[in-house]
Amino acid sequence: MTPRIDHATTSGTFSLDGQTFAVDNNAWVVGDDRECVIIDAPHDVDAIRGLVGDRRVLAVLCTHAHDDHVRKAPELADAVGAPILLHPEDMVLWNLTHPDRKPDQELADGQVVEVGGAGLQVLHTPGHAPGAVCLYSPELGVVFTGDTLFAGGPGATGRSYSDFGVIVTSIRDRLLPLPEATEVRPGHGESTTIGAVRPQFDEWVARGY
């Protein structure tokens, strides 16, 4: 069977540092007709389960632990019978939302999650969050970047547990070396390609955000 990517946009809020904002999040499901993984758990369990259908869910993979990406993770994981995976350096953020429920397994840099004939390689890309990861599939020609990289630049670094110098280093060293045709599927907004964002990198560094 051929692996595919299913997508939905969900709406809700993001809260950190005593402020709350309305946000739209992308929900991604990767797999074939029999099995899949879910990337992030934003806002709406039913919408994400609609992407899954009757497939077996191998894991809920968290790109990072800001509440708009993990608020529904326990409910979703319980509904589909799958473990939650998160990089351990993001536990500081996870605990703000789910102090009484821990992820089931850790994500590690270099780990490959196999699903439906495709591999998702874990790239630790701190900066937006200390345990932020991107998930790169050479077979699909896609990298799921969470809030590390968008069509318009790096993820935000103006809040607790984030750092602009760290995120641009992550993008330079871990993402820009990917093939230029690689599609960038972010946690919010429109997709782009590595080839489209690579020429903008020096401008992002110069502007400092």
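From a predicted model like this one, the values you see are computed outputs, not experimental measurements.

1. Things to note about the sheet that holds strand 8 (residues 118–124)
Strands sit in the order 7-8-9-10-13-14 across an open sheet of 6 strands; the sheet is mixed. Two strands close off the open sheet at either side, each with one partner strand: strand 7 (112–115) and strand 14 (192–193).

2. Quick notes on the confidence of the model for the protein chain
Considering every residue of the protein chain, the mean pLDDT works out to 97; 100% of them sit at 70 or more. Taken element by element, the protein chain is modelled with least confidence in helix 7 (residues 201–207), mean pLDDT 92, and with most confidence in strand 9 (residues 133–137), mean pLDDT 99.

3. Topic: the pattern of salt bridges
Under the criterion given, the structure shown has 12 salt bridges. Linking Asp-33 and Arg-4 is a salt bridge whose minimum nitrogen-to-oxygen distance equals 2.6 Å. Taken as a pair, Asp-33 in the loop between strand 2 (19–31) and strand 3 (35–39) and Arg-4 in strand 1 (residues 4–16) lie far apart in primary sequence, 29 residues in all. Residue classification places Arg-4 among the partly exposed residues on the basis of a relative accessible area of 31%.

4. What about helix 3 (residues 73–80)?
All of the buried residues along helix 3 are Ala-73, Pro-74, Leu-76 and Ala-77. For helix 3, the angular spread of buried residues about the axis comes to 165°, placing them on one side. Positive backbone phi, approximately 70°, marks Gly-81, located one or two places after helix 3.

5. Quick notes on the pairing of strand 10 (residues 142–146)
Counting buried positions over the 5 residues of strand 10 gives 5, a clear majority of the element. Here strand 10 shows two buried faces, one formed by Val-142, Phe-144 and Gly-146 and the other by Val-143 and Thr-145. Following strand 9, the chain reverses through 4 residues before pairing antiparallel with strand 10; Gly-141 in that reversal takes a positive phi of roughly 65°. Sheet analysis places strand 10 next to strand 13 (residues 183–186), joined by 4 bridges and oriented parallel. Within strand 13, the residue paired with Phe-144 across the bridge is Arg-185.

How each quantity is defined
- Within each chain, residue numbers correspond to sequence positions counted from 1 in written order.
- Residues qualify for local features only when their pLDDT is at least 70, as the model is predicted, and side-chain atom pairs are given and counted only at 80 or more; totals for whole chains, interfaces and linings, by contrast, use all residues.
- Heavy atoms throughout the structure, all of them, feed into the side-chain values; hydrogens and water do not.
- Here, any two strands with at least 2 DSSP bridges between them count as paired.
- Note on conventions: DSSP H or I runs of at least 4 residues are helices, E runs of at least 2 residues are strands, and numbering of each starts at the N terminus.
- The predictor reports its confidence for every residue as pLDDT, a score running from 0 up to 100.
- What counts as a salt bridge is simple: a side-chain nitrogen of Lys or Arg found within 4 Å of a carboxyl oxygen of Asp or Glu.
- Throughout this description, buried means an accessible area under 20% of the type-specific maximum (1.4 Å probe, protein chains only), exposed means over 50%, and partly exposed covers the range between.
- To obtain the arc, one takes the directions from the helix axis to the C-beta atoms.

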